[in-house]
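A look at the structure
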Amino acid sequence: MAEQGVEQESAEAFDGPVGALMRAHDWSRSVLGPIEGWPCSLRSYVTMILRLPTPAIIFWGTDQIQLYNDGYATIMGPRHPKYLAAPYRDCWPDTYPTIHPWMERVLAGEVIEVEDTLFTLTRHGFNEEAYFTFSFSPLRDDHGEIAGVLQPVVEVTGRVLGERRVRTLRALAPAAEPGVEAVRRVCEALDANAYDVPFSLLYLDGEAGLALAARSGIGAGQVPAAVPDAAARAFAGNAAVAIEAPAAVLGAVHVGPWDEPTRSAIALPVRRGDADAPLGAIVLGISPRLRFDDSYREFFEAIAREVAANLAAEQARLARLDAERVRRDLEEFFMQTPAPLAILTGPEHRFALSNRSYVDLVGVEVEGKRVVDMYGSAEVVAPFLPILDRVYRSGEPFVGREMPFRRPRKDGGADDLLLNLSYTPVRRRDGVVTGVLVFAYDITREVAARRHAESLASKLETAVRARDEFLGIASHELRTPLTALKLQLQLGRRALARADAPGRATPALLDALLKQADRLSRLVEDMLDISRIHAGKLVLEVAPADLSELVSDVVGRFRSQLEAVGSPVRLDLAPGLGGEWDVYRVEQAITNVVTNAIRHAPGTAIEVSTERSGDRAVLVVRDHGPGIAPPDRERIFMRFERAAGKDVSGLGLGLFIAREILEGHGGSIRADEAAGGGARFVIELPLAKLAA
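Residues numbered from 1 in each chain as written. Predicted model: local features only at pLDDT ≥ 70, side-chain atom pairs only at ≥ 80, totals over all residues. Heavy atoms only, no water.

A few points about the sheet that holds strand 5 (residues 146–155)
One open sheet accounts for five strands, arranged 2-1-5-4-3; its pairing is antiparallel. Of all the strands in the sheet, the pair left with one neighbour each is strand 2 (65–68) and strand 3 (112–121). Going across the sheet, the axis of each strand differs from the next one's by a mean of 30 degrees, ignoring polarity. Contacts from helix 3 (residues 40–51) reach strand 1 (56–60), strand 2, strand 4 (128–140) and strand 5 within the one sheet, and its direction differs from that of strand 1 by about 160 degrees. (Pairing = 2+ DSSP bridges. Helix = DSSP H or I, 4+ residues; strand = E, 2+ residues; numbered from the N terminus. Axes fitted to C-alpha atoms, helices over the stretch in contact; angles between N-to-C directions. Contact = heavy atoms within 4.5 Å.)

Shown next as structure tokens:
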């Protein structure tokens, strides 16, 4: 009868939409048979994956029957729910020749990990390019034999797309050395990323107006009139123009690497910044297997900026290489070039000539002034004066990158810019230096964009590292109680086989099994709490309660464990500390703090006290262990974090969950060092307001 109760509970534990489908499924037609006849291990595995917040699937038996959770149902796409409880071969005939050998290796005891694998999903109503990292691990039945395979899945689409797009932007960045012309570099860079940019058309403004200068992924005769028309509108309006009608984009022409043709595009002005006049326009095809979200749009806008930077950099390079022409027609060059240029003469660096771009850059008229006088004070230009002196005296050019420049405004404020500067000596025919040619390039926006991308990459790296550390810890922590459960079951089976053993062995065996089951349950509940907190679904059901009574109940439950590790408890509980709290959650928070003290300070006394402080109830848990280093006192309350150098079990979730629970009640928790050594945790909760 007891066994039947466990089976019934296991079936009801199949949570979520997919779990409901499993309960309703007619298993009599399956090789697995009814759920109540499944191995206990299989029901446990299914219950576990149904509660996981990430996609996971189990392949069980020789037919590799598929059992998966809600997250994996999204990956299944139109195959769900048809292939729930179906053999893997029937569901995925195209990948079976590749995956089946992996399955055979896993069923032989091997663990296989696969990173950044492409899946085609239909979660947004179309075939979507998505990438996942997953592993195959063996699952054992009730007899300890490998009977199935577990495949947890983590989506890494954002990272894969981000890295791919960063590579494209790097390839588009202006070359540090003279070489391939800008339009050719643009074509090569975009042609290398046809998944994000199925085709591109670059139109540049010239003497005859807007003209096609470069293209990738599309033939010259395949471009309908609507595309250059959209480019002209984007250039004239200095704003993006969407091209969404399939017939208006490419008609019946198939463009792109996917089976589906490209059916939408966008035309963008080619400019370095929003306030700059465009140099032309670029039309970029949009992948039919990606949503055109904010990050996709930002990537296209970055392409347009990098193309503009390429063009500007090439213009500057050609200007330097054509020095003879500059000397013959210097004034005309200065008046027409879009790059900020100026000529300084003599040792006092007086402006002999400057173009409008330079005047716009520095914000004041400079003709005839000395550099030191251009703002009425030498403070703004003081960092540049020694460099100009050195170039003038030595005849050696100077190139400065990302140099800060604080440009005063007429309203009394200032703009903080970053400039790339080039100071080149101007010589007479006899080689004597007579002045300095100044080329200034405003890279403020580019540097901000680069730093933003670097920050995002750093955050992504941190998130991936935290994920990997958590998976490592979680696999170890879950494996330990599972291994112990398996061992106790094996010992119990042997004991029950002996005629004289059952009466003596059963209670101790059940105690050992319950202990490990409780440990496994706590680990799973911690992970589920993290999922609820992240989803904002941690609901508090408040009721009147007394803090001292809750503390007394929690400590009472730990008496045997405290005695086992030699940690006496000293209680000093104040009466009358009532409040409106969720009793279960507050007890959970107190339990996590007490458990933390037991783990980190076994064999030492633990002091627990409560008191009233104004309108707050205060709980202090103090141990006499090694204490917590100052840098760790805030970090230990973060997810998956544990104090440095602490070799203890656990997922690093307990204190994070405790803080979330307490802050949800309007309370708080902090850690500091106790007088005389050890750790001291202070919990505060709001007391109930007295009736008027």
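Remarks on helix 15 (residues 385–394)
For helix 15, the set of buried residues is Leu385, Ile387, Leu388, Val391 and Tyr392. Seen from one end, helix 15 has its buried residues packed into an arc of 160 degrees, which puts them on one side. Of the surrounding elements, those touching the buried residues of helix 15 are strand 11 (341–345), strand 13 (398–408), strand 14 (414–427) and strand 15 (433–442). Immediately downstream of helix 15, the backbone of Gly395 shows phi near 75 degrees, a positive value. (Buried < 20%, exposed > 50% of the residue type's maximum accessible area, 1.4 Å probe, protein only. Arc of directions from axis to C-beta.)

Quick word on the packing of helix 18 (residues 547–557) against helix 20 (residues 583–600)
The N-to-C vectors of helix 18 and helix 20 enclose an angle of 55 degrees; their axes lie 10 Å apart at closest approach. The orientation of helix 18 relative to helix 20 falls into the category oblique. The two elements helix 18 and helix 20 meet at a crossing, and its hand is right-handed. Where helix 18 abuts helix 20, its residues Leu547, Leu550, Val551, Asp553, Val554 and Arg557 lie against Val583, Val586, Glu587, Ile590 and Thr591. Residue composition of the contact of helix 18 with helix 20, by class: seven nonpolar, one polar and three charged. (Parallel < 35°, antiparallel > 145°, perpendicular 65-115°, else oblique. Left-handed = near helix turned anticlockwise from the far one by under 90°. Nonpolar A, V, L, I, M, F, W, Y, C, P; charged D, E, K, R; others polar.)

Considering helix 20
With 18 residues, helix 20 should cover 26 Å at 1.5 Å per step; its first-to-last C-alpha distance of 26 Å lies within 8% of that length. Judged by how many residues are buried, helix 20 sits mostly within the fold: 14 of 18 residues are covered. With a side-chain oxygen lying 3.2 Å from the backbone nitrogen of Tyr584, the N-terminal cap of helix 20 falls on Asp582. (Expected span 1.5 Å × (residues − 1). Polar contact = N/O pair within 3.5 Å; in protein donor to acceptor, adjacent residues only side chain to side chain.)

Some points on the environment of Arg184
Mapped onto the elements of the fold, Arg184 is located in helix 8 (residues 182–191). Using a relative accessible area of 45% as the deciding quantity, one classes Arg184 as partly exposed. Between the C-alpha atom of Arg184 and that of Arg215, which follows or precedes it by 31 residues, the distance is 9.1 Å.

Focus: the sheet that holds strand 22 (residues 679–686)
The strand order across the open sheet built from five strands is 17-19-20-22-21, with neighbouring strands paired in mixed fashion. Edge strands, defined here as strands with exactly one partner in the open sheet, are strand 17 (569–572) and strand 21 (668–673). Between one strand axis and the next, the sheet turns by 15 degrees as a mean value, whatever way the strands run. Relative to strand 22, strand 21 is paired through six bridges, and the arrangement is antiparallel.

Topic: the pattern of salt bridges
Per the stated rule, a full pass over the model turns up 30 salt bridges. Residues Arg409 and Asp415 are paired through a salt bridge, measuring 2.8 Å at the closest nitrogen-oxygen approach. The class for Arg409 is partly exposed, based on a relative accessible area of 36%. Where Arg670 meets Glu684, a salt bridge forms, and the shortest distance between an N and an O atom there is 3.7 Å. Of this pair, Arg670 sits in strand 21 while Glu684 sits in strand 22; the two residues are 14 residues apart in sequence, bridging distant segments of the chain. You can call Arg670 partly exposed: its relative accessible area is 39%. Here Glu684 falls in the partly exposed class, since its relative accessible area comes to 22%. (Salt bridge = Lys/Arg side-chain N within 4 Å of Asp/Glu carboxyl O.)

Description of the packing of helix 20 against helix 22 (residues 654–664)
Where helix 20 contacts helix 22, the axes come no closer than 9 Å and their chain directions differ by 145 degrees. Read as a crossing pair, helix 20 and helix 22 show a hand that is left-handed. Across the interface between the two elements, Arg585, Val586, Gln588, Ala589, Asn592, Val593 and Asn596 of helix 20 pack against Gly654, Leu655, Ile657, Ala658, Ile661 and Leu662 of helix 22. Looking at the contact of helix 20 with helix 22, its residues break down into eight nonpolar, four polar and one charged.

Things to note about the pairing of strand 1
Taken across its five residues, strand 1 has five buried, putting it largely inside the fold. Neither face of strand 1 is open: one carries Ala56, Ile58 and Trp60, the other Ile57 and Phe59, and all of them are buried. Relative to strand 5, strand 1 is paired through five bridges, and the arrangement is antiparallel. Among the inter-strand pairings, Phe59 is bridged to a residue of strand 5, identified as Val149. Looking at chain direction, strand 1 and strand 2 are connected through four bridges and run antiparallel. Bridge pairing in strand 2 places Ile58 opposite Leu67.

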